[in-house]
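A structural walkthrough
Listed below are the residues making up each chain.
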Amino acid sequence: MPIDDLAALGQKMREARKGKSLTQQELSDLSHVSVKQIAKIEKGQMNPSFLILKALAKVLPISLDSLINPDVSPEDEGAGQMKMLYCSCPSEMRETLLHHTQETMKELTELSEKFETN
C-alpha cells in the first residue's frame, strides 16, 4: 500500500477510534491487536494485514471498504456502516433494528417533504 494510503488509513482509524471514545489500549483489548500495532497503523507506519483490519473494523464503526479504499464516497461509507450495525446486532434483534430503521426513514422522508412544500 502506498505511503499516502497508509497515512489516510491511519487517520481514518484514529478518527473512528476517537469517535467511539476509545483509547488505543481499549481498542487493543477489544480487538486483540497490540497497542504497538495500533499506534503504528495510526501513524501510517504499518501496512496491516487483512486479519488485523478485520479485527479493528469489527470493533470500530467503520467498514473495511473505507479503510482499504480512501476514495470511498460518504454515501458508500454510510451504507457500509449501516450494514456493519446490522451485522453486529444480536441476530434475535435484527428484525427490530430493521423495523425501527424503516420507521425512522419514513418519518425523515415525511419531514423532508414538509420542508420542500413550505
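Residues numbered from 1 in each chain as written. Predicted model: local features only at pLDDT ≥ 70, side-chain atom pairs only at ≥ 80, totals over all residues. Heavy atoms only, no water.

**Examining the overall build of the protein chain**
- Counting its secondary structure elements, the protein chain contains 7 helices and 0 strands.
- If you list the helices and strands of the protein chain from N to C, you get α-α-α-α-α-α-α.
- Its C-alpha atoms give the protein chain a radius of gyration of 17 Å, clearly above 13 Å, the size a compact globule of 118 residues would have.
- Along the first, second and third principal axes, the C-alpha set of the protein chain runs to 50 × 35 × 20 Å.
- Residues counted as buried form 28% of the 118 residues belonging to the protein chain.
- Long-range contacts, defined here as pairs at least 24 residues apart, represent 52% of the contacts in the protein chain between residues at least 6 apart.
- Surface accessibility of the protein chain: about 8,200 Å² in total, with carbon and sulfur atoms responsible for 56%.
- Here the protein chain carries 14 positive and 18 negative side-chain charges, and the mean point of each set is 10 Å from the other. (Helix = DSSP H or I, 4+ residues; strand = E, 2+ residues; numbered from the N terminus. Rg over C-alpha atoms; globule rule 2.2 N^0.38 Å. Buried < 20%, exposed > 50% of the residue type's maximum accessible area, 1.4 Å probe, protein only. Contact = heavy atoms within 4.5 Å. Areas by Shrake-Rupley, 256 points an atom, 1.4 Å probe, with all protein chains shown as cover. Lys, Arg positive; Asp, Glu negative; His and termini not counted. Charge placed at Lys NZ, Arg CZ, Asp CG, Glu CD.)

**Some remarks on the packing of aromatic side chains**
- A complete count under the given rule lists 0 aromatic pairs for this structure.
- For the cation-ring pair, Arg 94 lies above Tyr 86, with the distance from its terminal atom to the ring centre recorded as 5.3 Å. (Phe/Tyr/Trp six-rings, centres within 6.5 Å; stacked < 30°, edge-to-face > 60°. Lys NZ or Arg CZ within 6 Å of the ring centre and 35° of its normal.)

**Thoughts on the layout of surface pockets**
- Estimates place the volume of the largest pocket at around 330 Å³.
- Lining the largest pocket are 15 residues, and of these Ile 62, Ser 63, Leu 64, Gly 80 and Met 84 sit closest to its centre.
- Going through the elements one at a time, helix H4 (50–59), helix H5 (64–68) and helix H6 (74–88) are the ones with two or more residues in the lining of the largest pocket.
- Broken down by element, the residue count for the lining of the largest pocket peaks at 7 residues, all from H6.
- Residue composition of the lining of the largest pocket, grouped by class: 7 nonpolar, 3 polar and 5 charged. (1 Å grid on protein atoms, 1.4 Å probe; cavity = no way out; pocket = protein on both sides within 12 Å on 5 of 7 lines; lining within 4 Å. Points joined across faces, edges and corners; volume = space filled by probe spheres on them. Nonpolar A, V, L, I, M, F, W, Y, C, P; charged D, E, K, R; others polar.)

**Considering the UniProt feature "domain: HTH cro/C1-type" (unreviewed entry) in the protein chain**
- Within this numbering scheme, the UniProt entry marks residues 13–67 as carrying the feature "domain: HTH cro/C1-type" (unreviewed entry).
- When the span residues 13–67 is considered, its composition is 67% helix and 0% strand, and the gap between its end C-alpha atoms is 8 Å. (UniProt positions renumbered as here; feature names shortened; annotations may be inferred.)

**As for the confidence of the model for the protein chain**
- Of the residues in the protein chain, 96% reach a pLDDT of 70 or more, and the chain-wide mean stands at 87.
- Across the protein chain, the secondary-structure element scoring lowest on mean pLDDT is H5, at 76, and the one scoring highest is helix H2 (residues 24–31), at 97. (pLDDT = per-residue confidence, 0-100.)

**Overview of a negative patch on the surface**
- The grouping of Glu 107, Glu 110, Glu 113 and Glu 116 at the surface amounts to a negative patch.
- Its location among the elements puts Glu 110 in helix H7 (residues 94–117). (Patch = residues over 30% accessible without salt bridge, like charges linked within 9 Å, V, L, I, M, F, W, Y side chains within 5 Å. Salt bridge = Lys/Arg side-chain N within 4 Å of Asp/Glu carboxyl O.)

**Re the side chain of Ser 28**
- Examined against the element boundaries, Ser 28 turns out to sit in helix H2.
- Look past the residues within four positions of Ser 28 in its chain and what remains in contact with it is Val 33, Ser 34, Val 35 and Ile 38.

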